[in-house]
Structure formats: structure tokens, C-alpha cells
Amino acid sequence: MASPEPLSILHHYVVIRADLPRGVQIAQTIHAAGESVDGPVPPTTHAVALDAANEGDLLDLEAKLKHLGFQFVAIREPDAPYNNQLMAIGIQPQVRGKILRKALARFALVR
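Attention in this report is confined to the structure presented alongside it. (Residues numbered from 1 in each chain as written. Predicted model: local features only at pLDDT ≥ 70, side-chain atom pairs only at ≥ 80, totals over all residues. Heavy atoms only, no water.)

A separate point is helix H1 (residues 22-35). The end-to-end C-alpha distance of H1 is 20 Å, a good match for the 20 Å that 14 residues give at a rise of 1.5 Å each. If you follow the buried residues of H1, they end up packed against strand S1 (10-17), strand S3 (72-77) and strand S4 (85-95). (Helix = DSSP H or I, 4+ residues; strand = E, 2+ residues; numbered from the N terminus. Expected span 1.5 Å × (residues − 1). Contact = heavy atoms within 4.5 Å.)

Printed below as a string of C-alpha cells:
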């Protein structure tokens, strides 16, 4: 049985659209991860990449995170063919709590 995770471990979540081409997903993940940190994070930080089915799922998550008061960045692609669509969300690294876990529960790990 694994030992419980220390309470001070940070988690850095990025939620990316599963309906995007792989290269676009990777580029947008890099944007979301980079823009959602204020500086270096401890090497013990857990990076977690989650899939959203489409832009609608990300828009719902964006509204929920705003309502709950979480610090995050919403990455929108200004260029065609996406024309300002929401592509990814990077959530500022933080200690994982019940409220955030509940907000992200419907999103699966990227495979």
C-alpha cells in the first residue's frame, strides 16, 4: 500500500482539449503550463495533464474555476483556424484540496 502524499506537495494541473491535433495539444499545454506559474516551482511538484472533450467542457471549467476563486490562465488561440477558441487551462500550482479535486473529477488523465 502506498503511503499518503505529504500535504505540502504542489500539483500543477493543465487541462487540454482532446479534440485537437496532437501537435496543437502539445503546444497549447506548454503555453498553459508556462503561463500559469509565477516562478520556479519545487522539484517535487506533481505535473498533471487532464483531457477535456472539447471547448465546451473547457468553457464550463473556466466558469467554475472563476466562481471558486482559483488562480488560472485560459489559453485562447488567436490564429486561424481556431480564431480565439479556448484551447487549454493552466491552474496555478497549489496543494491539492477537495474543492479543486471535485472541480476536476470529470476530466481523465491524458493518455
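Between its first and last C-alpha, helix H2 (residues 55-68) extends 20 Å over 14 residues, near the 20 Å set by a 1.5 Å rise per residue. Along H2, the residues classified as buried are Asp57, Leu58, Leu61, Glu62 and Leu65. Burial along H2 is one-sided: seen end-on, the buried residues are contained in an arc of 140°. Across from the buried face of H2, at angles greater than 90 degrees, the exposed residues are Lys66 and His67. Contact partners of the buried residues in H2: S1, strand S2 (46-52), S3, S4 and helix H3 (98-104). Among the residues of H2, the N-terminal cap falls to Asn54, whose side-chain oxygen and the backbone nitrogen of Gly56 are separated by 3.1 Å. Positive backbone phi, at 85°, marks Gly69, one or two positions downstream of H2. (Buried < 20%, exposed > 50% of the residue type's maximum accessible area, 1.4 Å probe, protein only. Arc of directions from axis to C-beta. Polar contact = N/O pair within 3.5 Å; in protein donor to acceptor, adjacent residues only side chain to side chain.)

A few words now on the nonpolar core. Counting 16 residues, the largest nonpolar core has Val15, Leu65, Ile89, Ile91 and Leu104 as its most contacted members. Sorting the residues of this core by element identifies S1, S2, H2, S4 and H3 as the ones contributing at least two each. Filtering out sequence-adjacent residues up to four positions away, Leu104 remains in contact with Tyr13, Val15, Leu50, Leu61 and Ile91. Ranked by size, the runner-up nonpolar core spans nine residues in total, among them Val14, Ile16, Ala32 and Ile75. (Core = buried A, V, L, I, M, F, W, Y, C linked by side-chain atoms within 4.5 Å.)

Tracing the backbone through its elements, the reader meets Gln25 in helix H1. Within the structure, the side chain of Gln25 is placed 2.9 Å from the backbone oxygen of Arg17, a separation counted as a polar contact. Not counting the four nearest positions on each side in its chain, Gln25 is found in contact with Ile16, Arg17, Ala18 and Leu20.

Further remarks concern the sheet that holds S2. Strand order in the open sheet made by the five strands is S3-S4-S1-S2-S5, with mixed pairing throughout. Looking at strand neighbours, the two that pair on one side only are S3 and strand S5 (108-109), the edges of this open sheet. H1 rests against S1, S3 and S4 of the sheet, and its axis sits at about 145° to S1. Lying on the sheet, H2 is in contact with S1, S2, S3 and S4; it crosses S4 at an angle near 40°. (Pairing = 2+ DSSP bridges. Axes fitted to C-alpha atoms, helices over the stretch in contact; angles between N-to-C directions.)

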